[in-house]
Amino acid sequence: MSNKIPTQDVTPDPVKQYPSDETVTQEMYANRKHIYVREIKGLFQRVRRASNWILMLGFFVLPWIPWGDRPAIWFNFPGREFHIFSATFYPQEFMLLSWLLIICAFGLFFITVFAGRVWCGYTCPQSVWTFLFIWLEHRIEGPRNRRIKLDKRKLDADKLSRKTLKHSLWLLIAVATGITFVGYFTPIRSLILDLPVLQASGWSYFWVGFFTLFTYLNAGWLREQVCIYMCPYARFQSVMFDRDTLIVSYDTQRGEPRGRRKKNLPHAELQAAGLGDCIDCDLCVQVCPTGIDIRDGLQYECITCAACIDACDSVMDKMGYPRGLIRYTTENALEGKPTHIFRPRLIGYLVALLITIGLFFWAVADRSAVGFDVERDRNQLYRANASGEIINTYTVVVRNLDQSDHTYQLSASGLPGITLDTSEVNVPAGASRQMVIEAKAPAESITQPSHGIILHIEATNGDIYLERDSRFLGGTR
Ligand code: SF4
Ligand code: SF4
């Protein structure tokens, strides 16, 4: 199958007839050009590095924090329990997870409408790990120009040692990332001891290996390709942009016509000579982790990392021009129109975000300290004992969602004389008990084939109580 598609160039062209009927052939997939990112210092890079280090520190440290005899954060899938510090959640509380996901979605919509792709540039794990890998690359192989020369050079001892060191350190970080990730699902203190002596579970080895490879390939090799071709957010975020969204943008009016000039040419003379402020130094392109030229306008590849702003500001400082040729701005501001911060769409997302956050905290505060599920045994309608009493069987699950052990009293109501064969159950904090219990009622109480009954559970200290409706079956007299 051909990997080329015929396209028609419809670009307005004063020389050619418009639209041109010339058909050109374009590659469906452009070959990847390796991007040698140049390191730059500046305000936004300091902010970005600080946020990267804080997030990475949080990721690596959280699974090590103990909480009693368990990790503070532990998504215990086999035990069907999710511990987050003092709170324990169960799969039955799936609704809370749904609220969390909705909060994340509205949060992302709100921040994108307000400030574009700041999530991508400052907090996305793909960017955070890629920046770490590039930072290491710079330390080992040197600045951009030296890295380009090194890659062009034939393999020698120096190149071999630098490449080996770089890939070894990348792999080390990738292994640490893989182990830490699995450490959120398996207690990391035992995992770290079990892995080298082959005592960990097969799934632990699989996921550690998977995330090691995933990190090494994504942050070391694929880098911007993940943002450009794999990330769905890059594709749909543009529909959330409006003319008041904060974007990184080049001020064409001020910068053009671009061109090289003497450094000490006074700004006024430069403007009289018809030159804009862009000296065409290419620095903004060299620092861009996705390899784009922001002077070509807003592009979906831009992750809003602001490296080009810092680069261009440093050039403006050297030239003695005002900063901000590339800056955070809005389309309206660029056209000299007022920017509206509070606009209906943004307010709508903010209101939706606040409502969902409120509902989430209300649901968390309102959750009972005990979980109580009752299911009637469907295999058996009912049976009668030697005294003629009617017996129904139920499967009961009691989950202690509290931080202390509890003894619960079980009882039933809704039928005269109804009793349970189990009246008390002990459940340690965070644990659950499943049991089969029998409810017994005198035959004379049964007046219809199916009676509604209520099963009650109450902690012996009295401030935890729950009840569940069920049915009691029996033949009429
Ligand atoms: S860094 Fe600034 S001056 Fe240099 S090319 Fe980019 S926009 Fe022009
Ligand atoms: S264009 Fe600027 S802000 Fe956008 S990704 Fe490149 S360096 Fe970052």
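Residue numbers run consecutively from 1 along every chain, following the written order of its sequence. The naming scheme follows written order: chains are lettered A onward, ligands numbered 1 onward. Only residues with pLDDT of at least 70 get local features here, since the model is predicted, and only at 80 or more are side-chain atom pairs given and counted; chain-wide, interface and lining totals rely on the full set of residues. Excluding hydrogens and water, the side-chain figures rest on all heavy atoms present in the structure.

Caption draft 1: Geometry of the site of ligand 2. Residues are classed as near a molecule or strand on a simple rule: at least one heavy atom within 4 Å of it. Close to ligand 2 lie 13 residues; C288, C302, C305, A306 and C308 are nearest. Any residue that is not Ala, Val, Leu, Ile, Met, Phe, Trp, Tyr, Cys, Pro, Asp, Glu, Lys or Arg is counted as polar, Gly included; the first ten are nonpolar and the last four charged. Its residues placed into classes, the shell around ligand 2 shows 11 nonpolar, 2 polar and no charged.

Caption draft 2: Spatial organisation of the pairing of strand β10 (residues 370-376). Of all the 7 residues making up β10, 5 are buried; the element is thus mostly covered by neighbouring parts of the structure. Two strands pair if DSSP finds at least two bridges between them. Helix numbering and strand numbering both begin at the N terminus, where a helix is a DSSP run of H or I of at least 4 residues and a strand a DSSP run of E of at least 2. Across 7 bridges, β10 lies against strand β12 (residues 390-400) in antiparallel orientation. Across the sheet, the residue bridging to G371 is R399, located in β12. Using a 1.4 Å probe on the protein chains alone, a residue whose accessible area is under 20% of its type maximum counts as buried, one over 50% counts as exposed, and one in between counts as partly exposed.

Caption draft 3: Here's a closer look at helix α1 (residues 43-61). The terminal C-alpha atoms of α1 lie 27 Å apart, and with 19 residues this matches the ideal 27 Å at 1.5 Å per residue to within 8%. Residues of α1 that are buried: Q45, R48, S51, N52, M56 and F59. One side of α1 holds all its buried residues, which, seen down the axis, span an arc of 130 degrees. In α1, the exposed residues that point more than 90 degrees away from the buried face are R46, I54 and L57. In this structure, the buried side of α1 is in contact with α3 (118-123), α4 (125-141), α6 (157-183) and α14 (307-319). Residue count minus one, scaled by 1.5 Å, sets the expected span of a helix. Directions drawn from the helix axis to the C-beta atoms are what define this arc. Residues are treated as being in contact if the distance between any of their heavy atoms lies within 4.5 Å.

Caption draft 4: Structural context of a nonpolar patch on the surface. A surface patch of nonpolar side chains, about 800 Å² in accessible area, is lined by F114, I341, F342, I347, V351, I355, L359 and W362. Take the nonpolar patch: its biggest share by element is 5 residues, from helix α16 (residues 344-366). Relative to the helices and strands, L359 resides in helix α16. Judged by its relative accessible area of 31%, L359 falls in the partly exposed class. Patch criteria: residues need more than 30% relative accessible area and no salt bridge. Like-charged residues are merged within 9 Å; nonpolar side chains of Val, Leu, Ile, Met, Phe, Trp and Tyr are merged within 5 Å. Reported accessibility uses the Shrake-Rupley method at a 1.4 Å probe radius. Residues are deemed covered only where the shown protein chains occlude them. By salt bridge we mean one thing: a side-chain nitrogen of Lys or Arg within 4 Å of a carboxyl oxygen of Asp or Glu.

Caption draft 5: Representation of the environment of H451 in the model. Within the element layout of this structure, H451 appears in strand β17 (residues 450-459). Among the residues examined, H451 registers a relative accessible area of 8% and is labelled buried. Once residues lying within four places of it in the same chain are set aside, the contact partners of H451 are L415, S445, I446, S470, R471 and F472. Of note is the side chain of H451, whose polar atom sits 3.1 Å from the backbone nitrogen of T447. A polar atom in the side chain of H451 sits 3.3 Å from the backbone nitrogen of Q448. N or O atoms within 3.5 Å of each other form a polar contact, as long as, within protein, one can give a hydrogen and the other can take it, and as long as residues adjacent in sequence are counted only when both atoms are side-chain atoms.

Caption draft 6: Representation of the confidence of the model for the protein chain in the model. When pLDDT is averaged along the protein chain, the result is 89, and 93% of the positions lie at 70 or above. Confidence per residue, as judged by the predictor, is encoded in pLDDT with a range of 0 to 100. Below a pLDDT of 50 lies the segment residues 1-20, which in the model reaches 29 contacts outside its immediate sequence neighbourhood of four places, other chains included.

Caption draft 7: Structural view of the packing of α4 against helix α5 (residues 144-152). Axes, fitted as lines to C-alpha atoms, cover a helix only where it is in contact. Angles between the N-to-C directions of the axes lie from 0 to 180 degrees. In contact at an axis separation of 9 Å, α4 and α5 are set at 75 degrees when each is read in the N-to-C sense. Taken as axis vectors, α4 and α5 run roughly perpendicular relative to one another. Here α4 contributes E137, H138 and E141 to the contact with α5, which in turn contributes R146, R147 and L150. Residue composition of the contact of α4 with α5, by class: 1 nonpolar, 1 polar and 4 charged. What sets the label is the angle itself: under 35 degrees gives roughly parallel, over 145 gives roughly antiparallel, 65 to 115 gives roughly perpendicular, and the rest give oblique.

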